[in-house]
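# Structural overview for review
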Amino acid sequence: MRRMRVAAVCGAVVVTAIGGVTPAAGAVRGAEAVRGVGAVRGAESGLAYHGSADMVGDRVDVRFTPHNHGPGAVPGSVVRIRWSQPLEEGQALPVGCVPEGDRAVRCRVGPLGAHDSGERIGLRVRLRGAPSEVLVEFDPVGADGTVDESRAAQRQRVLVLDTGDTYYF
């Protein structure tokens, strides 16, 4: 019964790719990596992200693997991960990720061949306060730095409750 509840709450998919964890000062290198990546045409890719998320207090852990189910290769892209609650300032982010405002992080997604899977990715953030839940949204980002509305079907969301449970997507 508990697994069914978790599955029902987590009918979403996560998008991003992350390397190792570095101090926030390393964000400059990450910004350069994120800035230099082009857009991915929606017709050429079928990006999906499968993994898990959990929340304990103000900490949210997200772990996932990117998959390209489409017929064309994805040379690289960027994803914006946005939380419904503000993030604490000065957090350590993985290489290739940079903060965007007080509720989002942009991360570089590596290249994926057609029908290929990428590296497993992990991201840990701290939220301001201690909310009982957080909605995490993943938006593809175009080459011009804006959210790519043509790929809205690839926008994904997952609701994570502060229960200590792991939510799979």
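To start, this report covers the structure provided alongside it. In this text, all values refer to a predicted model and were calculated from it rather than measured experimentally. Residue positions within a chain follow its written sequence, with the count starting from 1. In view of the model being predicted, local features appear only for residues whose pLDDT reaches at least 70, and side-chain atom pairs are presented and counted only at 80 or more, with totals across whole chains, interfaces and linings using the full set of residues. With hydrogens and water excluded, all non-hydrogen atoms of the structure serve as input to the side-chain values.

## A closer look at the state of the cysteines
Any two cysteine sulfur atoms lying within 2.5 Å of each other are counted as a disulfide. Scanning the model with the defined rule gives one disulfide in all. With its sulfur 2.1 Å from that of its partner, cysteine 97 forms a disulfide with cysteine 107. Disulfide cysteine 97-cysteine 107: torsion about the S-S bond near 115°, hence right-handed. Note that cysteine 97 is positioned in strand β6 (residues 97–100) and cysteine 107 in strand β7 (residues 104–109), a separation of ten residues in sequence. Elements are defined by DSSP. Helices are runs of H or I of four residues or more, strands are runs of E of two residues or more, and each kind is numbered from the N terminus.

## With respect to the environment of serine 77
For serine 77, the position within the fold is in strand β4 (residues 77–83). Once the C-alpha coordinates of serine 77 and cysteine 107 are considered, the two residues, 30 residues apart in sequence, prove to be 8.6 Å apart.

## Focus: the pattern of salt bridges
Between Lys or Arg on one side and Asp or Glu on the other, a salt bridge is scored when a side-chain nitrogen of the former is within 4 Å of a carboxyl oxygen of the latter. Following the criterion strictly, the structure yields twelve salt bridges and no others. The closest approach of N and O atoms between aspartate 139 and arginine 82, which form a salt bridge, is 3.3 Å. Of the two residues, aspartate 139 sits in strand β10 (residues 133–141) while arginine 82 sits in strand β4, which places them 57 residues apart along the sequence. Judged by its relative accessible area of 27%, arginine 82 is partly exposed. The salt bridge partner of aspartate 102 is arginine 128, with a shortest N-O separation of 4.0 Å. Placement of aspartate 102 in the loop between β6 and β7 and of arginine 128 in the loop between β9 (121–126) and β10 is noted, with a sequence separation of 26 residues between them. Relative accessibility decides the category of a residue: with a 1.4 Å probe and only protein chains considered, values under 20% of the type maximum give buried, values over 50% give exposed, and everything between is partly exposed. For arginine 128, a relative accessible area of 32% gives the class partly exposed. One network of salt bridges, with partners in common, ties together Arg80, Arg82, Glu100, Arg106, Glu137, Asp139 and Arg157.

## Digging into the pairing of strand β2 (residues 47–56)
Across the ten residues of β2, eight count as buried, placing the element largely inside the fold. Sheet analysis places β2 next to strand β3 (residues 59–68), joined by ten bridges and oriented antiparallel. When the sheet's bridge partners are listed, tyrosine 49 is paired in β3 with proline 66. At least two bridges found by DSSP between two strands are what make those strands a pair. Connecting β2 to the next strand, β3, in antiparallel fashion are two residues, including glycine 57 with a positive phi near 65°. One ladder, built from three bridges, connects β2 with strand β12 (residues 166–168); its direction is antiparallel. Note on β12: the bridge partner recorded for alanine 53 is tyrosine 167.

Bear in mind that shape data such as this cannot, by itself, settle questions of function.
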